[in-house]
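Observations on chain architecture
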Amino acid sequence: MRIAFVLAGLGAGGAERVVSRVARHWVEQGHSVDIIAFDADDDPVFHDFDARVRLHRLGQAAKVAGVAGRSGPVRMLRRVARLRAALKAVQPDAVFSFLFKINIITLIAGRGLGLRIAVAERNHPRLQPAHPAWGLLRRLTYPGAAKLLLQTEASRAALPAALRAKGVVIANPIVAHPRRPEPDGQRQIAAVGRLDAQKGFDLLIDAFAQIAARHPDWTLTIWGEGPLRPTLQAEVARRGLAGRVLLPGLSRSPSAWIETASAFVLSSRYEGFANALAEAMAAGLPCVAFNCEYGVDLMVRNGVDGLLVADGNVNELAQAMDRLLSDGCLRAHLGDVAREGAVRFSERRILKDWDHALEGVTLWSLPTP
């Protein structure tokens, strides 16, 4: 079977990581796999894609995804045309598109080609910011999808009633990476994600500022890149936390940040599925997290395998971090239980769900014109 994935790009990100894992799995099963991305040939590839997977890079990256403004519609039509040509050339039996704007473009580009297209939502469908035009396009195009792939039942419940029957819930596959033993001296709290409002790193810096003086042997390292870097750096300086809060950019490999971490904090305002939290738990890191929508309360049992605090409550976050950093026995216990519980997100289990999704897409009857 020939399978195509459609992505915005091949850089750092949860969707790209999932595609790299699923693509490798299906190639190993004997399928032919193509990945079509809108970035350019010389853009960096962050994740490890199997050499047998064919990459098609369309040179229509980021920035051109908008439909608002004067040039937005023209750029979008250009993307649709490039993708439609690529789909005609590849002629896949099944298409899996990731991220809602790319999903819309894929459904438009594939119209009339007789393709079975599944679209994967990777974020909170109600809270993810977008121009109203994208919401209208989603309502018009999503009914034509074979399946809608979500990461949690809560995400599926957020779908319009007419689309819920097409919804399939698949958690992200997580590979357990080793972490080093906790050092005796300087220790590191890790946070990971794009430097944007969704990830709430401004709230995290605020919480850490409340407890930093009580824990001089701890630093906070926020891994990632994004538009709020200057704002976050300015806040670190304003708080007098230079040298205590670090923003080193992307880690050298997708999970390298685990090697130096002794604890993990998720400060997101909302999530689709908190990949970094799941990876931290699988590695046996003790975790503190806002109980934000979606999926966090499915991963963390408060006081059993992590600490949950009220969504957006900075004071509670500071108190939970203070408790965790003050108690080495608690850190060890929570990390051990977290590692055991994260088995439910193991790659072996989740890839079986992807196999079932592939079967459902290929059995889906194409709508009559």
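You'll find the structure just up there.
Reference entry: report on the structure contained in this document. (Residues numbered from 1 in each chain as written. Predicted model: local features only at pLDDT ≥ 70, side-chain atom pairs only at ≥ 80, totals over all residues. Heavy atoms only, no water.)

**Looking at the sheet that holds strand β2 (residues 32–37)**
Across the sheet, which stays open at both edges, the seven strands sit in the order β3-β2-β1-β4-β5-β6-β7 with parallel pairing between neighbours. The open sheet is flanked by β3 (54–57) and β7 (167–169), the only strands paired with a single partner. When the angles between neighbouring strand axes are averaged without regard to direction, this sheet yields 20°. In this structure, strand β1 (residues 2–7) lies alongside β2, joined through six bridges in parallel fashion. Each bridged residue has a counterpart across the sheet, and for Phe5 the counterpart in β2 is Ile35. This element, helix α2 (residues 72–90), spans β1, β2, β3 and β4 (94–98) of the sheet and lies at about 170° to β2. Strand contacts of helix α12 (residues 347–363): β1, β4, β5 (117–120) and β6 (147–150), with the helix running at about 120° to β4, the strand carrying the most contacts. (Pairing = 2+ DSSP bridges. Helix = DSSP H or I, 4+ residues; strand = E, 2+ residues; numbered from the N terminus. Axes fitted to C-alpha atoms, helices over the stretch in contact; angles between N-to-C directions. Contact = heavy atoms within 4.5 Å.)

**What about the packing of aromatic side chains?**
Inspection of the entire model under this criterion finds 10 aromatic pairs. Taking the centre distance of 5.8 Å and the plane angle of 15° together, the rings of Phe5 and Trp26 count as stacked. Taken as a pair, Phe5 in strand β1 and Trp26 in helix α1 (residues 14–28) lie far apart in primary sequence, 21 residues in all. Geometrically, the ring pair formed by Trp257 and Phe264 is tilted, given 5.6 Å between the ring centres and 40° between the ring planes. Taken as a pair, Trp257 and Phe264 share a single burial class, namely buried. Taken together, the aromatic side chains of Phe5, Trp26, Phe96, Phe98 and Trp354 make up a single cluster linked through ring pairs. (Phe/Tyr/Trp six-rings, centres within 6.5 Å; stacked < 30°, edge-to-face > 60°. Buried < 20%, exposed > 50% of the residue type's maximum accessible area, 1.4 Å probe, protein only.)

**Observations regarding the nonpolar core**
Of all hydrophobic cores here, the largest spans 60 residues; its most connected members are Phe5, Phe96, Phe98, Phe264, Leu277 and Trp354. The element that contributes the greatest number of residues to this core is α1, accounting for seven residues. With 34 residues, the next largest nonpolar core counts Ile189, Ile222, Val288 and Ala320 among its residues. (Core = buried A, V, L, I, M, F, W, Y, C linked by side-chain atoms within 4.5 Å.)

**Observations regarding the side chain of Ser97**
Among the secondary structure elements, Ser97 is positioned in strand β4. A distance of 3.5 Å separates a polar side-chain atom of Ser97 from the backbone oxygen of Ile102. For Ser97, the contacting residues outside a window of four places in its chain are Val6, Ile102, Asn103, Thr106, Ala118, Val119 and Ala120. (Polar contact = N/O pair within 3.5 Å; in protein donor to acceptor, adjacent residues only side chain to side chain.)

**What about unusual backbone geometry?**
Most peptide bonds adopt trans geometry, and most residues besides glycine take a negative phi value. Residue Tyr294 is reached from Glu293 by a cis peptide bond, and omega for that bond is -5°. Mapped onto the fold, Tyr294 is located in the loop between β12 (287–290) and α9 (296–299). The residue Gln91 is not glycine, and still its phi comes out positive at about 55°. Checked against the element boundaries, Gln91 lands in the loop between α2 and β4.

By themselves, these figures tell us nothing about what the structure is for.
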